[in-house]
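Descriptive structure summary
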Amino acid sequence: MAVAAETSDAASPGLKRFAADHALEQILASLLDDHRKGVTSKGRPTISPTVTRAEPADAPTEVRISDCGDDSNWVKRNSTGELADPADVGGRHRIEASVVLRDGVWLVTDFRLRAAGTC
């Protein structure tokens, strides 16, 4: 998503390699909204995901992941390079995600990004 957000490109082929279902819908909606507003993202978020549950335990095909991502260095800018929203300075967000194994590929199928300051 961070790569696609550099150009607000909802057609980026990498998105479908890593996301599906509700997660992909959320990402595409966000990128399309940014594109309509003329906004792109600069920098990269910092993440350190941890598996919190794996099922079935002996040969997982679905995992839950938790993280405290930091988007302080991943900001949205308008076409003039100014912050798109000066009040949005980023921060540490609690992230929870579901990841499933489909056809030998792990895909994020759902995620919740909580508000800045939630971890």
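Before reading further, recall that the structure is shown in the block above.
The following refers to the structure shown. What you are looking at is a predicted structure, and each value in this text was computed from that prediction instead of being measured.

Rules of the game
Residues numbered from 1 in each chain as written. Predicted model: local features only at pLDDT ≥ 70, side-chain atom pairs only at ≥ 80, totals over all residues. Heavy atoms only, no water. Core = buried A, V, L, I, M, F, W, Y, C linked by side-chain atoms within 4.5 Å. Buried < 20%, exposed > 50% of the residue type's maximum accessible area, 1.4 Å probe, protein only. Helix = DSSP H or I, 4+ residues; strand = E, 2+ residues; numbered from the N terminus. Contact = heavy atoms within 4.5 Å. 1 Å grid on protein atoms, 1.4 Å probe; cavity = no way out; pocket = protein on both sides within 12 Å on 5 of 7 lines; lining within 4 Å. Points joined across faces, edges and corners; volume = space filled by probe spheres on them. Nonpolar A, V, L, I, M, F, W, Y, C, P; charged D, E, K, R; others polar. Salt bridge = Lys/Arg side-chain N within 4 Å of Asp/Glu carboxyl O. Disulfide = S-S within 2.5 Å. Pairing = 2+ DSSP bridges. Axes fitted to C-alpha atoms, helices over the stretch in contact; angles between N-to-C directions.

**A short note on the nonpolar core**
Within the largest apolar cluster, 12 residues are counted, these being Ala2, Ala4, Ala5, Leu15, Ala19, Ala23, Leu24, Ile27, Leu31, Trp74, Ala97 and Phe111. Considering every element that reaches this core, the biggest residue donor is helix H3 (residues 21-37), with four residues. Look past the residues within four positions of Leu15 in its chain and what remains in contact with it is Met1, Ala4, Asp9, Ala10, Leu24, Ile27, Leu28 and Leu31.

**Examining the layout of surface pockets**
Over the atoms rolls a probe the size of a water molecule, and in doing so it shows where empty space is left. Each pocket or cavity is described by its volume, and for the largest pocket that value is around 1,400 Å³. Taken together, 47 residues line the largest pocket, and the ones lying closest to its centre are Met1, Ala2, Pro45, Trp74 and Phe111. When contributions to the lining of the largest pocket are tallied by element, the ones reaching two or more residues are helix H1 (2-5), helix H2 (14-18), H3, strand S3 (62-70), strand S4 (74-77), strand S5 (92-102) and strand S6 (105-116). Along the lines of polarity and charge, the residues of the lining of the largest pocket split into 28 nonpolar, nine polar and 10 charged.

**Overview of the pattern of salt bridges**
On inspection of all chains with the given rule, the structure shows eight salt bridges. Residues Asp21 and Arg102 are paired through a salt bridge, measuring 2.4 Å at the closest nitrogen-oxygen approach. With Asp21 in helix H3 and Arg102 in strand S5, this residue pair connects regions lying 81 residues apart in the sequence. Accessibility expressed as a relative area gives 38% for Asp21, which makes it partly exposed. A salt bridge links Lys37 to Asp33; its shortest N-O distance comes to 3.0 Å. Taken as a pair, Lys37 and Asp33 lie in helix H3 at a separation of four residues, close to a single helical turn. Each of Arg94, Glu96 and Arg114 takes part in a single network of salt bridges with overlapping partners.

**A word on the state of the cysteines**
Scanning all chains against the criterion turns up one disulfide. Each sulfur of the disulfide joining Cys68 and Cys119 lies 1.9 Å from the other. Because the sign of the S-S torsion sets the handedness, a value of about 95° for the bond joining Cys68 and Cys119 places this disulfide among the right-handed ones. With Cys68 in strand S3 and Cys119 in the segment after S6, the pair connects residues that are 51 residues apart, well separated along the chain. With a relative accessible area of 41%, Cys119 lands in the partly exposed category.

**Overview of the sheet that holds strand S2 (residues 50-55)**
Reading across from one edge, S2-S3-S5-S6 is the order of the four strands in this open sheet, with antiparallel pairing throughout. The open sheet is flanked by S2 and S6, the only strands paired with a single partner. Neighbour-to-neighbour, the strand axes of the sheet open up by a mean angle of 20°, direction not taken into account. Of the strand pairs in this sheet, S3 and S5 are connected by nine bridges, and their pairing is antiparallel. The residue bridging Ile65 from the neighbouring strand is Ala97, located in S5. In this fold H3 packs onto S5 and S6, with an angle of close to 55° to the strand it touches most, S6.

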